[in-house]
Amino acid sequence: MGSVLVSGSAGFIGGYLVRELLERGYDVTGIDNLSKYGRVAKSYDDHPSYKFVIGDARDVGLLTDLLISCDHFVAGAAMIAGSLTSTPTPTTSWRLTNGSWRLPATRQSRPTGLGLSRR
């Protein structure tokens, strides 16, 4: 099926998304800085196709390293209730070109459809 990086994976919506992606056969890497809820056990924590990274999505080096091995990226990290969380922000290392976020001098990344829909 492919591999997906999900930022904000420990959050409410991210948790549901990760579970759905795993059920559909994707390899999933989740990244979250745990600033909103802290570490909360998830039913899929020990799933063989799931890897969790504690980190901040604003860390361009970390995100770049994780994206190199992923086919898709879901930017779900956010600032919640005024608290600073792992919000991805454009920096000099990210470029928005023709509607797609690009990583220069590394793997080119652009949004792609995962075919998710309600059953």
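The structure presented is a predicted model; accordingly, all values stated were derived computationally and were not measured.

About the thresholds
- Residues numbered from 1 in each chain as written.
- Predicted model: local features only at pLDDT ≥ 70, side-chain atom pairs only at ≥ 80, totals over all residues.
- Heavy atoms only, no water.
- Salt bridge = Lys/Arg side-chain N within 4 Å of Asp/Glu carboxyl O.
- Helix = DSSP H or I, 4+ residues; strand = E, 2+ residues; numbered from the N terminus.
- Buried < 20%, exposed > 50% of the residue type's maximum accessible area, 1.4 Å probe, protein only.
- Core = buried A, V, L, I, M, F, W, Y, C linked by side-chain atoms within 4.5 Å.

Chemist: Tell me about the pattern of salt bridges, residues and numbers included.
Modeler: What the rule picks out here adds up to 3 salt bridges. Between E23 and R19 there is a salt bridge, with the nearest N and O atoms lying 4.0 Å from each other. In this pair, E23 and R19 both sit in helix α1 (residues 12-23), 4 residues apart, roughly one turn of the helix. Given a relative accessible area of 53%, E23 falls into the exposed group. R19 gets classed as partly exposed once you look at its relative accessible area, which sits at 37%. Between E20 and R24 there is a salt bridge, with the nearest N and O atoms lying 2.6 Å from each other.

Chemist: Break down the environment of A10 for me, with residues and values.
Modeler: Examined against the element boundaries, A10 turns out to sit in the loop between β1 (3-7) and α1. Residue classification places A10 among the buried positions, given a relative accessible area of 14%. Residues A10 and N33, 23 residues apart in the sequence, show an inter-C-alpha distance of 8.4 Å.

Chemist: Now, about the nonpolar core: what can you tell me, with residues and values included?
Modeler: For soluble globular proteins, nonpolar side chains are generally found buried alongside one another. Counting 10 residues, the largest nonpolar core consists of V4, V6, L17, V18, L21, L22, Y26, V28, Y44 and Y50. Listing elements by their share of this core, those giving two or more residues are β1 and α1. The element contributing the most residues to this core is α1, with 4 residues. In this structure, L5, I31, L63 and C70 belong to the second largest nonpolar core, which totals 7 residues.

Note that all results are geometric; they support no functional claim without further evidence.
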